[in-house]
Amino acid sequence: MTDNTDLLPEGLEDRLPASADRITRTMRACLDVLDSHGYDRVRPPLLEFESSLNRRMQGISTRSMFRFVDPSSLRTLALRSDITPQIGRIAATSMAEAARPLRLAYCGDTAVIRASQLDPARERLQLGAELIGADTAAAAGEMVALAISALKAAGLTGISVDFTMPDLVDTLAAQDLSMQPDTVEAIRRELDTKDAGGLKAAGGEAYLPLIHATGPFADAMATLRDLDAGGALGTRLDGLEAIAAQVGDAARITLDPTERHGFEYQSWFGFTLYAANVRGAAGRGGTYRIGGSDEAATGFTLYVDALADAAPQGEAAQTVYLPTGFSASKAKRLRADGWRTVAQLSASEDPKAMGCTHILENGEPKAL
Ligand SMILES: N[C@@H](Cc1c[nH]c[nH+]1)C(=O)O
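Below is a short write-up of the structure.

Cut-offs and rules
Throughout this description, residue numbers start from 1 for each chain and increase along the sequence as written. With pLDDT at 70 or above as the cut-off, local features in this predicted model cover only qualifying residues; side-chain atom pairs require 80 or more to be listed or tallied, and sums for whole chains, interfaces and linings still use all residues. With hydrogens and water set aside, each side-chain value is computed from the structure's full complement of heavy atoms. Secondary structure elements are defined from DSSP: runs of H or I of at least 4 residues count as helices, runs of E of at least 2 residues count as strands, and each element is numbered from the N terminus. Using a 1.4 Å probe on the protein chains alone, a residue whose accessible area is under 20% of its type maximum counts as buried, one over 50% counts as exposed, and one in between counts as partly exposed. Only heavy atoms enter the contact rule, under which two residues are in contact if any of them lie within 4.5 Å. Surface accessibility in these figures is a Shrake-Rupley result with a 1.4 Å probe; residues are shielded only by whichever protein chains are displayed. Neither His nor the chain termini are counted; the positive set is Lys and Arg, and the negative set is Asp and Glu. Lysine's charge is taken at NZ, arginine's at CZ, aspartate's at CG and glutamate's at CD. Throughout, the term near means that a residue has one or more heavy atoms lying within 4 Å of the molecule or strand in question. Any pair of N or O atoms that falls within 3.5 Å is considered a polar contact. Within protein, one atom must be able to donate a hydrogen and the other to accept it, and sequence-neighbouring residues count only if both atoms are side-chain atoms. Note on residue classes: Ala, Val, Leu, Ile, Met, Phe, Trp, Tyr, Cys and Pro are nonpolar, Asp, Glu, Lys and Arg are charged, and everything else, Gly too, is polar. To obtain an axis, a line is fitted to C-alpha atoms, over the contacting stretch when the element is a helix, and the angle between two such axes runs from 0 to 180 degrees between their N-to-C directions. What makes a crossing left-handed is the near helix being turned counterclockwise from the far one by less than a right angle; a clockwise turn instead makes it right-handed. Only Phe, Tyr and Trp rings are paired, with Trp represented by its six-membered ring, and only when their centres lie within 6.5 Å; those with planes under 30 degrees apart are stacked, over 60 edge-to-face, the remainder tilted. Here, the arc refers to the directions that run from the helix axis to the C-beta atoms. Note on pairing: DSSP must find at least two bridges between two strands before they are called paired.

## Quick look at the overall build of the protein
Turning to step 1, where the next piece is worked out: Scanning the protein from N- to C-terminus turns up twelve helices and 16 strands.
Turning to step 2, where the next piece is worked out: When the backbone C-alpha atoms are referred to their principal axes, the protein occupies close to 85 × 55 × 45 Å.
Turning to step 3, where the next piece is worked out: Across the 368 residues of the protein, 46% fall into the buried class.
Turning to step 4, where the next piece is worked out: Intrachain contacts of the protein at a sequence separation of at least 6 include 65% that bridge at least 24 residues.
Turning to step 5, where the next piece is worked out: Accessible surface, the protein as shown: approximately 18,900 Å² in total, 51% of it carbon and sulfur.
Turning to step 6, where the next piece is worked out: Across the protein, 37 positive and 49 negative side-chain charges occur, with their mean positions spaced 5 Å apart.

Next up, the structure:
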């Protein structure tokens, strides 16, 4: 029976065993990869003062976050919508004295008030890594390669990475001192929609080639190099090439230099990860600066719920039913050998219906 109070709010759901199992496996596989590359896990809290989430990175707005007054401190708290700013806070405060570069990993739930039309989920399990103290091409190369390894460890295939340059328009506009701030904003808007006519009308004719510098990495790069006659982008383009070289043939690389969607605080480099059968982005990352300490950093976040649905299903677990009176030491040995055990509680149970594949008979598992 479902009564009204049993309904979950829009965009929130229970993950039942099969789905929760996939999520757990995906999480474990990815966290193991981060750990093996020297990333130490930290666990920031689910909520904190709104003001501290707000000021850590430029471009973050708490408008999309669930906020409420804490009855105890009477201050406004916000539910995190992204863990990266929290890692920034940790790096700038309790771990300010730790040696750099500092490598941290995390995994936890985040929430937003309104999701996008494409993805109605309002809760997201984020898993990621942040490399604090560097936003160089070498740091970015490490992060992109690490993100790809994590996706592969989770069993995902068909991985591709789309590189972007979130602050590209600002960098180019800074070269042209005569440009008014509202013209820059209009150019940004038209580039977001890749509207060539609109871009011209907004006074951004010189930016038209950017719309075409999109696609497979090598081609798009050549177009960008041509466009960059003045050399304003030189070091950035070299950086992108160095990152691509580090990725090698681990994933297909594309370039969409003006893509800003989902990049609120990333600076010269941003990337979006895609994988076969994953709806939307599998993850995102890039370079940024931590507000307050102004320290450079690079990181990425994987959206585990989206990934888990596309990850291959784990092997069906062998579960053995232990009738009343079983030997505890025998059961312990079976578990050590990789069996799952389910102990009988009452006479009326149906082991097969409960998901058991075997039953313990004469000390041995017998197929059901
Ligand atoms: N946390 C960002 C991605 C990111 C991590 N580090 C830097 N950027 C996101 O989820 O979009």
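## Some details on the site of the ligand
Turning to step 1, where the next piece is worked out: Lining the immediate surroundings of the ligand are 14 residues, of which Asp82, Thr84, Glu130, Gln266 and Thr301 lie closest.
Turning to step 2, where the next piece is worked out: Within the contact set of the ligand, a nitrogen atom lies 2.9 Å away from a side-chain nitrogen or oxygen of glutamate 130.
Turning to step 3, where the next piece is worked out: Burial of the ligand by the surrounding chains reaches 94%, relative to a free accessible area of 300 Å².
Turning to step 4, where the next piece is worked out: Secondary structure elements with two or more residues in the shell around the ligand: β6 (123-132), β11 (283-290) and β12 (295-303).
Turning to step 5, where the next piece is worked out: In terms of residue class, the shell around the ligand is built from four nonpolar, seven polar and three charged.

## Quick word on the packing of helix α5 (residues 168-175) against helix α6 (residues 181-193)
Turning to step 1, where the next piece is worked out: Here α5 crosses α6 at 140°, and the two axes come no closer than 10 Å. Along this stretch, α5 crosses α6, giving a crossing that reads as right-handed. When α5 is examined against α6, the residues Val169, Asp170 and Ala173 are found in contact with a partner set consisting of Val184, Ile187, Arg188 and Leu191.

## Observations concerning the packing of helix α1 (residues 17-36) against helix α4 (residues 137-153)
Turning to step 1, where the next piece is worked out: Their axes nearest at 8 Å, the elements α1 and α4 cross at an angle of 145°. Judged by the twist between their axes, the crossing of α1 over α4 is right-handed. Note on element contacts: α4 touches α1 through Leu146, Ser149, Ala150 and Ala153, opposite Ala29, Cys30, Val33 and Leu34.
Turning to step 2, where the next piece is worked out: For the contact of α1 with α4, the residue count by class is seven nonpolar, one polar and no charged.

## Remarks on the side chain of threonine 26
Turning to step 1, where the next piece is worked out: Among the secondary structure elements, threonine 26 is positioned in helix α1.
Turning to step 2, where the next piece is worked out: Note on threonine 26: relative accessible area 2%, which makes it buried.
Turning to step 3, where the next piece is worked out: Side-chain polar atoms of threonine 26 contact the backbone oxygen of arginine 22, separated by 2.7 Å.
Turning to step 4, where the next piece is worked out: Residues in contact with threonine 26, not counting those within four places in the same chain, are Ala154, Val304, Leu307, Ala308 and Ala311.

## Considering the packing of aromatic side chains
Turning to step 1, where the next piece is worked out: Per the stated rule, a full pass over the model turns up five aromatic pairs.
Turning to step 2, where the next piece is worked out: On the numbers, 5.6 Å between centres and 75° between planes, the contact of phenylalanine 163 with phenylalanine 217 is edge-to-face. Highlighted residues: phenylalanine 163 in strand β7 (residues 160-164) and phenylalanine 217 in helix α9 (residues 217-227), separated in sequence by 54 residues.
Turning to step 3, where the next piece is worked out: A relative accessible area of 0% places phenylalanine 163 in the buried class.

## A short note on helix α12 (residues 328-336)
Turning to step 1, where the next piece is worked out: Of all the positions in α12, only Lys330, Ala331 and Leu334 are classed as buried. Buried positions in α12, seen along its axis, are confined to an arc of 100° and lie on one side of it. With respect to the buried face of α12, the exposed residues turned more than 90 degrees away are Ala328, Lys332 and Ala336.
Turning to step 2, where the next piece is worked out: Elements that come into contact with the buried residues of α12 comprise β13 (319-322), β14 (340-343), β15 (358-361) and β16 (364-367).
Turning to step 3, where the next piece is worked out: Of the residues trailing α12, glycine 338 is marked for its positive phi of about 105°.

## Focus: the sheet that holds β6
Turning to step 1, where the next piece is worked out: Here nine strands make up an open sheet; going across it, the order is β1-β5-β6-β12-β11-β10-β7-β9-β8 and the pairing mixed. A strand with exactly one partner marks an edge of an open sheet, and here the two such strands are β1 (40-41) and β8 (215-216).
Turning to step 2, where the next piece is worked out: When β7 meets strand β10 (residues 270-274), the two strands line up antiparallel, connected through five bridges. Bridge pairing links valine 161 to leucine 273 in β10.
Turning to step 3, where the next piece is worked out: Against the sheet, α1 engages β1, β5 (102-111), β6 and β12, with an angle of about 5° to β6.
Turning to step 4, where the next piece is worked out: In this fold α4 packs onto β5, β6, β7, β10 and β12, with an angle of close to 15° to the strand it touches most, β12.

## Observations concerning the sheet that holds strand β4 (residues 76-79)
Turning to step 1, where the next piece is worked out: Within the open sheet, the three strands sit side by side as β2-β4-β3. Their pairing is antiparallel. With one partner strand each, in any of the chains shown, β2 (47-49) and β3 (67-69) form the two edges of the open sheet. Averaged over all pairs of adjacent strands, the angle between their axes in this sheet comes to 35°, without regard to strand direction.
Turning to step 2, where the next piece is worked out: Pairing of β3 with β4 involves three bridges; the strand directions are antiparallel. Considered in β4, the bridge of arginine 67 is made with alanine 78.

## Quick look at the environment of alanine 111
Turning to step 1, where the next piece is worked out: Residue position: alanine 111 is located in strand β5.
Turning to step 2, where the next piece is worked out: A relative accessible area of 12% places alanine 111 in the buried class.
Turning to step 3, where the next piece is worked out: Linking alanine 111 and proline 181, residues 70 residues apart in sequence, is a C-alpha distance of 33 Å.
Turning to step 4, where the next piece is worked out: Other than its neighbours up to four places away in sequence, alanine 111 contacts Phe66, Leu79, Arg80, Ser81, Arg122 and Glu123.

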